[in-house]
Amino acid sequence: MTLTVENLQVADLVRGISFELGAGERVGLIGESGSGKSLTALSVLGLLPEELSATGSVRLDGRELLGASEKELSRLRGNEMAMVFQEPMTALNPAMRVGRQVTEPFRVHGRRGRPAEELLAAVGLPGVARAYPHQLSGGQRQRVVLAIALANDPALLICDEPTTALDVTVQAQILSLIRERLSAESSLLFITHDLAVVAQMCDRVLVMLDGSIVEHGSTREVLTAPKHAYTQRLLAASDLEGAR
Ligand SMILES: Nc1ncnc2c1ncn2[C@@H]1O[C@H](COP(=O)(O)OP(=O)(O)OP(=O)(O)O)[C@@H](O)[C@H]1O
């Protein structure tokens with residue numbers, strides 16, 4: 001799978017973004033609140049709010065996604081591309097047992113899939129298939145969301161601050177689950193404002209500021225020798241600076 005984003009523009013909020021993500025690559029998208037990270041991810045997924053539209057080009061293995069029909073986009077979502085957002089409750093149906101929710105991607109995409117118990121055990125949640133989301137903790141709910149996202153073994157996983165709402169220990173568990181459970185050939189676009197998370201999760205980093213990418217490079221390059229003044233400030237303000 002190759003994701004190619006070219007000159008992506010969303011009003012004046014995302015401005016001329018271009019990047020490529022190859023099979024098995026793990027790329028971080030960092031930048032402060034409001035820099036356009038989420039709108040970039042939502043453009044790729046075809047999930048921008050109605051009042052906004054994207055121009056430029058977003059191609060998944062050569063297929064243009066911008067302007068693709070809702071039918072085509074929903075076929076791709078939950079199948080070739082999957083996503084995990086910050087707040088698991090928004091992704092889950094409060095009135096459906098989690099066991100049924102994790103096998104939903106198979107029904108939607110007309111596949112015979114693995115049993116719910118197996119999918120949930122793979123994310124460290126044995127025995128919860130009959131629970132409703134409100135009976136689980138925030139970390140457990142995010143595990144359920146991850147089980148749903150990974151059910152069809154997506155070629156591209158987009159995570160938008162998936163651990164920001166969780167406490168530190170649970171955060172670490174979710175991050176290692178993503179690392180362990182995502183197939184080696186699947187690509188990851190990981191949005192965060194936390195440089196320590198990027199250091200753990202990503203081989204490459206894109207740095208956004210005011211809707212544009214101002215720096216990109218390997219995680220090592222960007223975190224040890226940032227070129228742009230903004231990235232330098234970001235690093236100076238992070239815990240990583242002290243750890244170097
Ligand atoms: N529906 C919308 N209509 C108009 N402006 C919007 C809309 N959604 C987001 N914005 C604005 O677009 C800018 C970029 O938002 P975006 O959510 O992509 O930022 P972000 O980098 O993901 O920030 P955060 O880390 O806080 O999620 C912000 O200034 C935001 O206020």
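Everything below is about the structure shown above.
Here is a short report on the structure shown in this document. (Residues numbered from 1 in each chain as written. Predicted model: local features only at pLDDT ≥ 70, side-chain atom pairs only at ≥ 80, totals over all residues.)

### Quick notes on the site of the ligand
We apply this condition: For each residue, a C-beta atom is positioned from the backbone; the residue is called near a molecule or strand if that atom sits within 6 Å of it. Residues were grouped as follows: Ala, Val, Leu, Ile, Met, Phe, Trp, Tyr, Cys and Pro as nonpolar; Asp, Glu, Lys and Arg as charged; and all remaining residues, including Gly, as polar.
Inspection of the region around the ligand gives 13 residues, with Ser33, Gly34, Lys37, Ser38 and Leu39 positioned closest. For the shell around the ligand, a count of residues per class yields four nonpolar, seven polar and two charged.

### Focus on unusual backbone geometry
The cut-off we apply is this: For every residue, the other C-beta atoms within 10 Å of its own C-beta are counted; 20 or more classify it as buried, 12 or fewer as exposed, and values in between as partly exposed. C-beta atoms are placed from the backbone. Numbering goes from the N terminus for both helices and strands, where a helix is a DSSP run of H or I of at least four residues and a strand is a run of E of at least two.
Unusually for a residue other than glycine, Ala11 sits at a positive phi of about 45°. Residue Ala11 is classed as partly exposed on the basis of its C-beta count, with 15 C-beta atoms lying within 10 Å. We note that Glu161 has phi near 50°; this positive angle belongs to a residue other than glycine. Secondary-structure assignment places Glu161 in the loop between β7 (156–160) and α7 (168–181). Residue class for Glu161 comes out buried when judged on the 20 C-beta atoms lying within 10 Å of it.

### Thoughts on the pairing of strand β10 (residues 212–218)
Under the convention used in this document: Note on pairing: two strands pair once DSSP finds at least 2 bridges between them.
By the bridge criterion, six bridges tie strand β9 (residues 204–209) to β10 in an arrangement that is antiparallel. Looking at β10, one finds that Val207 is bridged to Glu215. The hairpin formed by β9 and β10 contains two residues between the paired strands, and Asp210 there has a positive phi angle of roughly 45°.

### So, the sheet that holds strand β1 (residues 3–10)
Pairing within the open sheet is antiparallel, and its four strands lie in the order β2-β1-β4-β5. Edge positions in the sheet fall to β2 (14–21) and β5 (63–64), since each of these pairs with one other strand and no more. Of the strand pairs in this sheet, strand β4 (residues 54–60) and β5 are connected by two bridges, and their pairing is antiparallel. Bridge pairing links Leu60 to Arg63 in β5.

### A short note on the pairing of strand β6 (residues 81–84)
Burial along β6 is two-sided: the residues Met81 and Met83 and Ala82 and Val84 are all buried. Relative to β7, β6 runs parallel, the two sharing four bridges. Across the sheet, the residue bridging to Val84 is Cys159, located in β7.

### With respect to the packing of helix α6 (residues 138–150) against α7
Put simply, the rule reads: Angles run from 0 to 180 degrees between N-to-C directions of axes, and those axes are lines fitted to C-alpha atoms, restricted for helices to the stretch in contact. Note that the term roughly parallel is reserved for angles under 35 degrees, roughly antiparallel for angles over 145, roughly perpendicular for angles of 65 to 115, and oblique for everything else. For a crossing to be left-handed, the near helix must be turned anticlockwise from the far one by less than a right angle; the clockwise case is right-handed. In this description, a residue-residue contact is defined by the distance between C-beta atoms placed from the backbone, which must lie within 7 Å.
Between α6 and α7, the least distance of the axes is 10 Å, while the angle of their chain directions is 15°. Between α6 and α7, the crossing angle belongs to the class labelled roughly parallel. Considering the relative orientation of α6 and α7, their crossing is right-handed. Packed against α6, whose contacting residues are Gly139, Gln142, Arg143, Leu146 and Leu150, the element α7 presents Val170, Gln173, Ile174, Leu177, Ile178 and Arg181 at the interface. Partitioning the contact of α6 with α7 into residue classes produces six nonpolar, three polar and two charged.

### So, the sheet that holds β7
Strand order in this open sheet of six strands is β6-β7-β8-β3-β9-β10, and the pairing throughout is mixed. With one partner strand each, in any of the chains shown, β6 and β10 form the two edges of the open sheet. Strand after strand, the sheet turns through a mean of 15° between neighbouring axes, direction not considered. Each of β3 (26–30), β6, β7, β8 (187–192) and β9 touches helix α1 (residues 37–45); the most contacted strand, β7, lies at about 150° to it. Contacting β6 and β7, α6 runs over the sheet at an angle of about 175° to β6.

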